[in-house]
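Descriptive structure summary
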Amino acid sequence: MAHGITNRDRQQARHMGWHGLTQINKDLNLKDNWLTQWDIQEVQLQTVNGEEVPFKILTGTDDNQFIGKPYAGTYTPVTNKQFLDMIGDAISGVKGAVIESVGSVCNRGRVFVSVSIKGMEKFKVGNRTFNDYLNFGNGHDQTSAVWANASNICTVCNNTFTMNLNEGGDVKIKVKHSKDVALRLENIAEVIDAYAGTQAKFKAEFERLMNEPLKIDNARNLFAGWMIRSDGESRDLGPKTLTKVNRLTDLFQVGKGNEGENRADAFSAVTDYYTHESTRNAGRNVQRQVFSSEFGLGRMAKTDFWNTIRSDKSVDAYMASGKKALALL
């Protein structure tokens with residue numbers, strides 16, 4: 001199961017997740033949610049003769065079933081209560097903070113909370129609307145530190161947990177399960193300030209792209225060069241690749257919020273394509289498209305083009321190679 005939601009797990013949210021297993025709760029909060037209905041407890045392991053060994057294992061307080069694997073004394077678990085209290089402290093001074101998603105995956109091995117902040121969970125630059133979330137995670141099964149990040153991915157499953165856990169960028173903090181973990185959890189509150197700074201940075205960068213003119217022919221050349229990744233060497237454009245180039249050029253002009261005038265329109269065209277229609281049959285298989293967009297080749301393509309469109313050197317190189325490739329048709 002790619003979503004990682006077993007019969008011991010649950011995901012609650014204000015909106016249905018891609019997996020269709022969400023328990024909808026419009027009043028979701030930190031005091032009453034899935035993670036407050038159970039917690040972890042340590043069990044000392046023993047030999048068959050009843051002698052204690054230097055290892056413990058976690059079980060659920062509600063069902064006494066195992067969670068994760070045995071661990072030594074150097075590992076310090078973080079309970080659900082500590083985790084939720086830490087999040088509460090981090091967002092206590094933030095107006096408009098809304099709990100969007102709470103859950104556990106991998107047989108309760110991983111737990112998470114995603115938060116939106118009014119005015120930041122959805123923001124507009126020009127005619128476009130963007131989404132962003134503040135995410136928190138913890139691993140009871142030793143596969144994850146306690147972490148927090150800001151991304152456009154709301155955690156709703158194991159895949160989104162993993163994506164946010166590994167997400168790079170300026171806003172990211174991890175705390176290992178060491179002896180001083182309780183004290184170090186306090187540092188996660190700092191991510192709130194960084195979150196606001198990252199949003200402001202993205203807005204400023206996107207506004208700069210809106211002021212970078214790009215003609216339709218140059219946009220088509222850019223898409224062609226970027227699609228074949230030819231690094232300046234002429235290569236033939238195959239029929240499938242040419243179809244994608246033409247579609248991107250259409251989206252550059254008529255995609256949502258686009259006017260076919262600048263680099264921001266080019267980035268939005270690529271984002272629209274790889275979010276909604278890049279997989280087989282133009283994205284009609286919604287689940288497959290979501291996987292590609294958020295976890296697979298689609299996400300990689302969007303990240304790569306975001307880096308490309310902000311670089312004059314890359315834009316010029318791809319426009320040149322694309323123009324050569326299109327001239328061979």
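Refer to the structure printed above.
**Describing the overall build of the chain**
- Helices and strands together make up the secondary structure of the chain, namely ten helices and twelve strands.
- Looking at the chain residue by residue over its 329 residues, the buried ones come to 47%.
- The long-range share in the chain, meaning contacts at least 24 apart out of those at least 6 apart in sequence, stands at 58%.
- When the accessible area of the chain is evaluated, it comes to approximately 16,200 Å², of which 49% is carbon and sulfur surface.

**Overview of the packing of aromatic side chains**
- In this structure the tally under the stated criterion is ten aromatic pairs.
- With a centroid separation of 5.3 Å and an interplanar angle of 80 degrees, the aromatic rings of Trp147 and Phe161 are classed as edge-to-face. Here the residue Trp147 occupies a position in strand β11 (residues 146-151), and Phe161 occupies one in helix α2 (residues 158-166), the gap between them amounting to 14 residues. Grouping residues by exposure puts Trp147 and Phe161 together as buried.

**Overview of helix α6 (residues 239-254)**
- Between its terminal C-alpha atoms α6 stretches 22 Å, which fits the 22 Å expected from 16 residues at 1.5 Å a residue.
- Buried within α6 we find Val245, Leu248, Thr249, Leu251 and Phe252. Seen along its axis, α6 keeps its buried residues to an arc of 160 degrees; they face one direction. In this structure, α6 carries Pro239, Lys240, Thr243 and Val254 as exposed residues pointing more than 90 degrees from its buried face.
- In this fold, the buried residues of α6 make contact with α5 (216-228) and α7 (263-276).

Rules used in this analysis
- Residues numbered from 1 in each chain as written.
- Predicted model: local features only at pLDDT ≥ 70, side-chain atom pairs only at ≥ 80, totals over all residues.
- Heavy atoms only, no water.
- Helix = DSSP H or I, 4+ residues; strand = E, 2+ residues; numbered from the N terminus.
- Buried < 20%, exposed > 50% of the residue type's maximum accessible area, 1.4 Å probe, protein only.
- Contact = heavy atoms within 4.5 Å.
- Areas by Shrake-Rupley, 256 points an atom, 1.4 Å probe, with all protein chains shown as cover.
- Phe/Tyr/Trp six-rings, centres within 6.5 Å; stacked < 30°, edge-to-face > 60°.
- Expected span 1.5 Å × (residues − 1).
- Arc of directions from axis to C-beta.

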